[in-house]
Every structure is written in C-alpha cells, then in structure tokens.
Amino acid sequence: MTIRNIVILTGAGISAESGLATFRGPDGLWEGHRVEDVCTPEAYARDPALVHDFYDARRAKLGTVEPNAAHRALARLDAEWSGELLIVTQNVDDLHERAGATRLLHMHGELMQGWCTACGERFRWAGLMGEGAECPSCGRKGAVRPDIVWFGEMPYEMERIDAALRDADLFVSIGTSGAVYPAAGFVQTARYVGAETLEMNLEPSQGSLFFDERRYGRAAALVPAWVGEMLSGN
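This one's a predicted model, so the numbers in the text were calculated from it and none came from an experiment.

### Brief notes about the overall build of the protein chain
Helix and strand counts for the protein chain stand at nine helices and 11 strands. Its C-alpha radius of gyration of 18 Å places the protein chain within 12% of the 17 Å reference for a compact globule of 234 residues. If one aligns the C-alpha atoms of the protein chain with their principal axes, the spans along those axes are about 55 × 40 × 35 Å. Going through the 234 residues of the protein chain one by one, you find that 50% of them count as buried. Across the protein chain, the centroid of the 22 positively charged side chains sits 1 Å from that of the 33 negatively charged ones.

In structure tokens form, the structure reads like this:
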C-alpha cells in the first residue's frame, strides 16, 4: 500500500519525556489534584480560584521544559513529508509548536491560550491568568478562562479530524492510553476506511488490539527511528 496521507495522534506520553506529568497518574490524580476538581466546568463554577491556580502552575511549568527528540522528529516529518499530514494532539502544551510542527491541531485546547466567555475571542496568554484577567479584545474582567477542553465539553475541530481520518492511508498513535474518547476511537475509524495503523507507546494501550503494528519503548527513541524509515522511502 502506498502511504501518502498520514494522521498522527499524540498523547501525554510524548511530553512525559520532556518532564511534563502525564494526564492521570496511577493514583488517579493529576499533579496532586482530583481531575473532577480542576478539569470540569462544574469545578470551575464551584472554585474558579483553584482551577486558575492549577493552570497557572501548569503554564509556569511549561516554561521550564523543552521539546524532546520525538517532538523534533514529528516536526521534521511535517516539514519533509510531501503528502497530506495532520498531527492531532490531546496535549495542551506547546512542545510540538516549539519543535517546529505546523500541520497541527490541538483537540483539547491550549495551555498558552485564553478564552473570553463574554465575547468568545481566543488569544495567546503567557504568565498568570487568575480570576481577574482582562480580555484583550473586549476589556471584560473576570470572564477569561483557560482555553482547555474540560470533561463534559466537546473537543475542537472534530469534523476536520474525521475528514482527515477518512482520507488517511496511515494512522499513528503515540503516547496515548487509549482510554479517553473520542480520541480512543480514531483507530477504529482509520481501520474502517482501510488505513494502516501503528501504535507507539511505552506499553500497550487499552486499544492496542486494534493496531496492525505495535512498537513499545520510549517515544524519544521510537519516533525518530520511524520518521527516518518513512522519509527514506518518501
């Protein structure tokens, strides 16, 4: 099968090697917090100060880490692949961009971005946000929240992702648990249209049985090797 169109899904595992905590640890907590306390609209309505403090800390942490070899390899593939390519990331960090990737979609939002719930504008945001943040577009204070897709909210650009999957010759999943939908179902869509499927992960995901090929180990080792294979035959 000739591979021209590629869709790549990346999850927390690809950024873990840069020093960012994976979304949910074995104890069910994310950076010491219950997900229900910091990652839902209800949590934000109940205690906006806690939610803002949590994401302000995540934003600060992001400034202390750098893209790793896996991010840089995908950026190389983005730059050199002559066919269609879409990197869909579940991650809210900016490590793909900092590595140089441009054919990129953040389905769960972006940590370095704010969203004004008063006027609807989205904008870059660095540093602290807090409850009193002012929208740079409409000037409203207190209506700016992190541009993050929380549990119970619809991920971004699902129609674009579905269209790319339906045109894909190859679907690759990197560093994901296979537990969070709708992303966990992408491999089944890809299989339905006849695309080849590849999982690269530290260990088998919950959906590993759906993949034609599986490679296990560190993303920083697996991904550059795979990108080299793809570009050598491109």
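That covers the picture; the talk isn't over yet.
### Points about unusual backbone geometry
Peptide bonds are trans in most cases, and residues, glycine excluded, mostly fall at negative phi. Between tyrosine 181 and the following residue, proline 182, the backbone shows a cis peptide bond with an omega angle of 10°. If you trace the backbone, proline 182 turns up in the loop between strand 9 (170–174) and helix 8 (186–192). One non-glycine residue, glutamate 157, lies in the positive phi region at around 55°. A residue is classified by how much of its surface remains accessible, and glutamate 157, at 42% relative accessible area, is partly exposed.

### Side note on the UniProt feature "active site" (unreviewed entry) in the protein chain
When the UniProt feature table is mapped onto this chain, "active site" (unreviewed entry) is found at His108. Position of histidine 108 relative to the elements: it lies in the loop between strand 5 (104–106) and strand 6 (109–116). Those residues in contact with histidine 108 that sit more than four places away from it in its chain are Thr89, Gln90, Val92, Asp147, Ile148, Val149 and Pro155.

### With respect to the sheet that holds strand 6
Taken in spatial order, the three strands of this open sheet run 7-6-8, and their pairing is antiparallel. Each end of this open sheet is capped by a strand with a single partner; those strands are strand 7 (122–124) and strand 8 (144–148). Each adjacent strand pair in this sheet contributes to an overall mean axis angle of 45°, direction not counted. Sheet topology places strand 6 next to strand 7; three bridges connect them, and they run antiparallel. Looking at the pairing, glutamine 113 lines up with arginine 124 of strand 7.

### Brief notes about the sheet that holds strand 11 (residues 213–216)
If you walk across this open sheet you meet the six strands as 5-4-1-9-10-11, and the pairing is parallel. Both outer strands of the open sheet, strand 5 and strand 11, are each paired with one neighbouring strand and no more. Neighbour to neighbour, the strand axes of the sheet diverge by 15° on average, direction disregarded. Here five bridges tie strand 1 (residues 6–10) to strand 4 (residues 85–89), and the two strands are oriented parallel to one another.

### Comments concerning the environment of alanine 49
Its place among the elements puts alanine 49 in helix 4 (residues 48–62). Distance in space between the C-alpha atoms of alanine 49 and alanine 99 is 32 Å, their sequence separation being 50 residues.

### Side note on the side chain of threonine 176
Assignment of secondary structure puts threonine 176 in the loop between strand 9 and helix 8. Overall, threonine 176 belongs to the buried group, its relative accessible area being 10%. Among residues more than four places away in sequence, those in contact with threonine 176 are Leu9, Thr10, Gly11, Gln90, Asn201 and Ser205.

### With respect to the pattern of salt bridges
All told, the structure shown has 15 salt bridges when counted by the stated rule. The partner of arginine 46 in a salt bridge is aspartate 37, with the nearest N and O atoms 3.7 Å apart. For arginine 46, a relative accessible area of 54% puts it in the exposed group. On the accessibility criterion, aspartate 37 (23% relative accessible area) is partly exposed.

### Section: the pairing of strand 9
Within strand 9, five of the five residues are buried, which leaves it mostly tucked inside the rest of the structure. The pairing of strand 1 with strand 9 spans five bridges and is classified as parallel. Considered in strand 9, the bridge of leucine 9 is made with serine 173. As paired strands, strand 9 and strand 10 (residues 196–201) are joined by five bridges and run parallel to one another. Within strand 10, the residue paired with serine 173 across the bridge is glutamate 199. With helix 8 bridging strand 9 and its parallel neighbour strand 10, the resulting β-α-β unit is right-handed.

Criteria and thresholds
- Residues numbered from 1 in each chain as written.
- Predicted model: local features only at pLDDT ≥ 70, side-chain atom pairs only at ≥ 80, totals over all residues.
- Heavy atoms only, no water.
- Helix = DSSP H or I, 4+ residues; strand = E, 2+ residues; numbered from the N terminus.
- Rg over C-alpha atoms; globule rule 2.2 N^0.38 Å.
- Buried < 20%, exposed > 50% of the residue type's maximum accessible area, 1.4 Å probe, protein only.
- Lys, Arg positive; Asp, Glu negative; His and termini not counted.
- Charge placed at Lys NZ, Arg CZ, Asp CG, Glu CD.
- UniProt positions renumbered as here; feature names shortened; annotations may be inferred.
- Contact = heavy atoms within 4.5 Å.
- Pairing = 2+ DSSP bridges.
- Axes fitted to C-alpha atoms, helices over the stretch in contact; angles between N-to-C directions.
- Salt bridge = Lys/Arg side-chain N within 4 Å of Asp/Glu carboxyl O.
- Right-handed = clockwise from strand over helix to strand, strands pointing away.

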